[in-house]
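# Architecture and fold: a report
Okay, here's what each chain looks like letter by letter:
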Amino acid sequence: MKIARVAVDVPLNTYFDYSAEHLGSDDVGRRALVPFGRKLVVGVIIGIADQPENSSYTLKPIKEILRDTPRLPKEILKLAHFCSGYYHHPLGQVLAMILPQRLRRTKAARALAEPCYALTDTGRALSLDDLPQRAAVKRKLLAALQAQATLARSALLQLSPSAGSALRAMQQAGWLRESAMPLSATRSSTSLPGQAAAPELNADQQTAVDAILGAPPGFTPWLLHGVTGSGKTEVYLQVIAQTLARGGQALVLVPEINLTPQLEARFQARFPDASIVSLHSNLNDSERLKHWLLAQGTSSQGAAQIVLGTRLAVFTPCANLQLIIVDEEHDSSFKQQDGMRYSARDVAVFRAKDANVPIILGSATPALETYHNALHGRYRLLELKGRAVRDAAPPTVRYLDLRREKLLEGFSAPLITAIKQRMQRGEQSLLFINRRGFAPVLLCGECGWLSGCPRCTSRLVVHLKEQRLRCHHCGHEERIPRHCPSCGNLDLAPVGQGTQRLEAALQKLFPEARILRVDRDSTRRKNALSEMLEKVHAQEIDILVGTQMLAKGHDFPKLTLVGVLNADGGLYSADFRASEHLFAQLLQVAGRAGRAADSGEVLVQTAFPDHPLFAALQHGDYAQFAQTALTEREQAGLPPFSFQAMLRAEAATLDSALRFLRSAASLAPEAKNIQVYDPVPALMARLAGNERAQLLVEARSRGALQKFLGAWMEALQAHKTRNVRWALDVDPIDT
Ligand code: ADP
Ligand code: ZN
Ligand code: ZN
């Protein structure tokens, strides 16, 4: 009898011992069905022992070891251990997060991705005429499998009510075999643009590629810094080409699902023979499982060569990982904001180091933490200075002083003139505002009532078309009131600008213009965004109005004007990272202007045209901005010059949240060089009906912080808390 140590998906930072017969050392990393309390749960075997840890009670036996999928490889278990330690999150929960949903379920534990069928050599030798006419079902199945090498059982069953028995007969006849899933989801489902040849690299790109490929094998972290359009993706592609040529596998992380189909198509066009799988939250459970398994390959099938995914994909077991790329590494969506609050970028760096492979972090506006690492030699900096396409000059940036300009429907006169010019020249304009809806708030001019969310410390946004007020934080919505709920006044006015209001204003100002609004509301429908982008490309659009959704990744050759309507919110914010985000966002939208032969113009409406951030933006100078910002951070002792953790608490009343944090603070171990701040209400103190407070801890070194947190969390876990939910956020990005 052996003992299996099993990590179970419960909020307890420990494992559980079970007895098991027939337990082999290769069962470490496998899922196991174990009794837990009164239930059966799926856990992961993390170790095998001869003696139980605690011999005072009799061990329950493992119910079943699930050997239907490959076990989690050693390096993934190590990654899970690392995350559990670093983010102070229970190992069982980390492992549960890593496993695809399907593999976490007890019922469907064996219900793997559904079986697929392919023709055997005998089957392939058959032609339709070899089957008699009356064998209609078999003929149908044969034709389908001839057309597509591998098909899922469910797809085949749809062909006829008696497909099931026909399949069985064909299998018995030796025509068919059960097969692993078809390799690439991309190749069968989307039309390909055909092979795309690699362009000749420019000097900066060549230097970057040479440096990466010429480095000694093993772990090197690279920061590839270059504005959008400077050809970073081209650099990735050439490095990946070499990885594939050596039989290696590349893991590519991107911040947004929206960007994956585009990138996937571009990768597939460059590597038509490579198998590429994507992993993101738009996949259903069985697709996700299938792709997840393909990343590591199965006994009957080689592994996918390129794994392209969002945040969670950083944990994907890979058969032969040789390269990691994190595109747009600064993007805040790499940080998980609930459960285990990990940074996929940071985890990727750890993984690359552990796997001893190179990692490329790419960005036009690196996170200041990353840039700081590059300046201090911890990462190696590669710069792409200009845009890749030679004749595309950088856009000129001008500021329109809101203190002087008179506004018409939110637009200054020079901006209106500029749009008019573009219309006359048959070019496109993009107007950027970071707020969807019609107006950010409804105001009663009589008594000063503002539409507030009953559940959050936030305003209800006016959505005029739908006649609704909506909270963008908790989803609460209600009808637009006819009169003021407070004084009865009938004259309620939307205040401020949102995308819908701009769209309406533009329609008034330019009745002949073809206007398209792109925000989360207008792109809810599946494929809506890609259809819209098509329209822009086909030049069926004159003016685009949109949020940061438009700022990323899309390339519009005819777009020569970008207008930024309201940027000032990020200049003087309570959040010390706000200016970093604002700069990144503005540089990115500015990059939309004039990406092809026509040079572009960016007009920014602001009441603070002299702000240093704008000077750096004008020169497209990230380094200048970063130097200033890093100096400020250093003076203030903020990250990356200090290391932070935030204890967040949520309760029915602010008072109990604060009380919990105060008692948590009193449990904090004595530690030098650790600053434990006073508990304060969160910036958004109320969210979805919960009151939220937070407690900041700051240290001069990561090691000191980790040591402190380890002891503190142990004390806190032992401490009874009632009616408060709390979570630790290590390296928080919103403070
Ligand atoms: P980034 O990833 O930095 O935004 P891309 O790699 O997507 O930049 O390049 C921007 C555009 O320039 C793409 O259309 C790409 O095909 C093109 N491009 C990139 N490198 C070259 C090159 N060396 N020669 C010609 N065109 C290039
Ligand atoms: Zn009123
Ligand atoms: Zn709300």
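Since this is a predicted model, take the numbers as computed values, not measurements.

Rules behind the numbers
Residues numbered from 1 in each chain as written. Chains lettered and ligands numbered in written order. Predicted model: local features only at pLDDT ≥ 70, side-chain atom pairs only at ≥ 80, totals over all residues. Heavy atoms only, no water. Donors = N, O, S within 2.8 Å, 3.2 Å for Na, K, Ca; no water. Tetrahedral: all angles 85-135°; square planar, octahedral: opposite > 155°, others 65-115°. Buried < 20%, exposed > 50% of the residue type's maximum accessible area, 1.4 Å probe, protein only. Salt bridge = Lys/Arg side-chain N within 4 Å of Asp/Glu carboxyl O. Helix = DSSP H or I, 4+ residues; strand = E, 2+ residues; numbered from the N terminus. Axes fitted to C-alpha atoms, helices over the stretch in contact; angles between N-to-C directions. Left-handed = near helix turned anticlockwise from the far one by under 90°. Contact = heavy atoms within 4.5 Å. Nonpolar A, V, L, I, M, F, W, Y, C, P; charged D, E, K, R; others polar. pLDDT = per-residue confidence, 0-100. Pairing = 2+ DSSP bridges. Core = buried A, V, L, I, M, F, W, Y, C linked by side-chain atoms within 4.5 Å. Near = heavy atom within 4 Å. Polar contact = N/O pair within 3.5 Å; in protein donor to acceptor, adjacent residues only side chain to side chain. Areas by Shrake-Rupley, 256 points an atom, 1.4 Å probe, with all protein chains shown as cover. Phe/Tyr/Trp six-rings, centres within 6.5 Å; stacked < 30°, edge-to-face > 60°.

### Quick look at the coordination of the zinc ion (ligand 3)
Distances from the zinc ion (ligand 3) to its protein donors, Cys-453 (SG), Cys-456 (SG), Cys-471 (SG) and Cys-474 (SG), fall at 2.2 to 2.4 Å. Coordination at the zinc ion (ligand 3) comes from four donor atoms whose angles at the metal span 104 to 115°, giving a geometry best classed as tetrahedral. Within one chain, the residues donating to the zinc ion (ligand 3) are spaced in sequence as C-x2-C-x14-C-x2-C. Grouping residues by exposure puts Cys-453 and Cys-456 together as buried.

### Observations concerning the pattern of salt bridges
Applying the stated criterion to the full structure yields 37 salt bridges. Notably, a salt bridge pairs Arg-404 with Asp-401, separated by 3.5 Å at the nearest N-O pair. Residue classification places Arg-404 among the exposed positions, given a relative accessible area of 70%. Overall, Asp-401 belongs to the buried group, its relative accessible area being 9%. Three or more residues are tied together by salt bridges with common partners; here these are Arg-398, Arg-422, Arg-425, Glu-427 and Glu-601.

### Notes on unusual backbone geometry
Note the cis peptide between Pro-639 and Pro-640, where omega equals 5°. Relative to the elements of secondary structure, Pro-640 occurs in the loop between helix 20 (622-636) and strand 29 (643-651). Of note in this structure, Glu-328 is not a glycine but carries a positive phi near 55°. Structurally, Glu-328 can be placed in the loop between strand 13 (321-327) and helix 13 (344-355).

### Re the coordination of the zinc ion (ligand 2)
Around the zinc ion (ligand 2), the donor atoms from the protein are Cys-444 (SG), Cys-447 (SG), Cys-484 (SG) and Cys-487 (SG), and they sit 2.3 to 2.4 Å away. Coordination at the zinc ion (ligand 2) is tetrahedral, judged from the four donor atoms that bind it and the angles of 105 to 112° they form at the metal. Between the donor residues of the zinc ion (ligand 2), the gaps in sequence give the motif C-x2-C-x36-C-x2-C. Of this pair, Cys-447 sits in the loop between strand 20 (441-444) and strand 21 (461-463) while Cys-487 is found in the loop between strand 23 (477-479) and strand 24 (492-495), placing the two residues 40 residues apart along the sequence. The exposure class assigned to Cys-447 is partly exposed, which follows from its relative accessible area of 37%.

### A short note on the packing of helix 9 (residues 203-214) against helix 10 (residues 232-245)
Packing of helix 9 against helix 10 leaves a shortest axis separation of 10 Å and a crossing angle of 35°. For the pair helix 9 and helix 10, the crossing hand works out as right-handed. Along its contact with helix 9, which presents Gln-205, Ala-208, Val-209, Ile-212 and Leu-213, the element helix 10 presents Glu-234, Val-235, Gln-238, Val-239 and Gln-242. For the contact of helix 9 with helix 10, the per-class residue count stands at six nonpolar, three polar and one charged.

### Considering the confidence of the model for the protein chain
On average, residues of the protein chain carry a pLDDT of 89, and 95% of them reach 70 or more. Between the elements of the protein chain, mean pLDDT differs from a low of 40, seen in helix 8 (residues 185-189), to a high of 98, seen in helix 13.

### Describing the sheet that holds strand 28 (residues 601-606)
Spatial ordering of the open sheet is given by 16-28-27-19-26-25, a layout of six strands whose pairing is parallel. Two strands close off the open sheet at either side, each with one partner strand: strand 16 (396-401) and strand 25 (515-518). Here the average twist between neighbouring strands, direction ignored, is 20°. Relative to strand 28, strand 27 (residues 559-564) is paired through four bridges, and the arrangement is parallel. Across the sheet, the residue bridging to Leu-561 is Glu-601, located in strand 28.

### Details of the nonpolar core
Core analysis: the largest hydrophobic core is formed by 118 residues, its most contacted members being Phe-315, Leu-544, Leu-647 and Trp-712. Setting aside residues no more than four positions away along its own chain, Phe-315 makes contact with Ile-76, Leu-79, Cys-83, Met-97, Ile-98, Met-340, Tyr-342, Val-347 and Arg-351. Core analysis: the second largest hydrophobic core is formed by 28 residues, Leu-263, Phe-271, Ala-274 and Ile-360 among them.

### Details of the environment of Leu-375
If you trace the backbone, Leu-375 turns up in helix 14 (residues 368-375). Once residues lying within four places of it in the same chain are set aside, the contact partners of Leu-375 are Gln-627 and Leu-630.

### Topic: the pairing of strand 32 (residues 690-699)
With eight of 10 residues buried, strand 32 is to be regarded as a mostly interior element. The pairing of strand 29 with strand 32 spans nine bridges and is antiparallel. Across the sheet, Gln-644 pairs through a bridge with Glu-698, a residue of strand 32. In this structure, strand 30 (residues 674-676) lies alongside strand 32, joined through three bridges in antiparallel fashion. Within the sheet, the bridge partner assigned to Ile-674 lies in strand 32 and is Ala-699.

### Some details on the site of ligand 1
The environment of ligand 1 is formed by 17 residues, the closest being Glu-200, Gln-205, Gly-229, Thr-233 and Arg-266. Here Gln-205 contributes a side-chain N or O atom positioned 2.8 Å from a nitrogen atom of ligand 1. Within the backbone of Gly-229, an N or O atom sits 2.7 Å from an oxygen atom of ligand 1. Summarising the interface, the protein chains cover 75% of the accessible area of ligand 1, which totals 550 Å² for the free molecule. The element contributing the most residues to the shell around ligand 1 is helix 10, with three residues. Grouping the amino acids of the shell around ligand 1 by side-chain chemistry returns five nonpolar, seven polar and five charged.

### A short note on the packing of aromatic side chains
All chains considered together, the criterion is met by 12 aromatic pairs. On the basis of an interplanar angle of 5° and a centroid distance of 3.7 Å, the ring pair of Phe-82 and Phe-350 is categorised as stacked. With Phe-82 in helix 1 (residues 74-86) and Phe-350 in helix 13, this pair connects stretches of sequence that are 268 residues apart. By relative accessible area, Phe-82 is classed as partly exposed at 25%. Between the aromatic rings of Phe-660 and Trp-726, the centroid separation amounts to 6.1 Å while the plane-to-plane angle is 25°, which identifies the pairing as stacked. Pair noted here: Phe-660 is in helix 21 (residues 654-666) and Trp-726 is in strand 33 (residues 724-730), with a separation of 66 residues, a long-range link. Residue classification places Trp-726 among the partly exposed positions, given a relative accessible area of 25%. Connected via pairs of aromatic rings, a cluster forms that spans Phe-82, Tyr-86, Tyr-87 and Phe-350.

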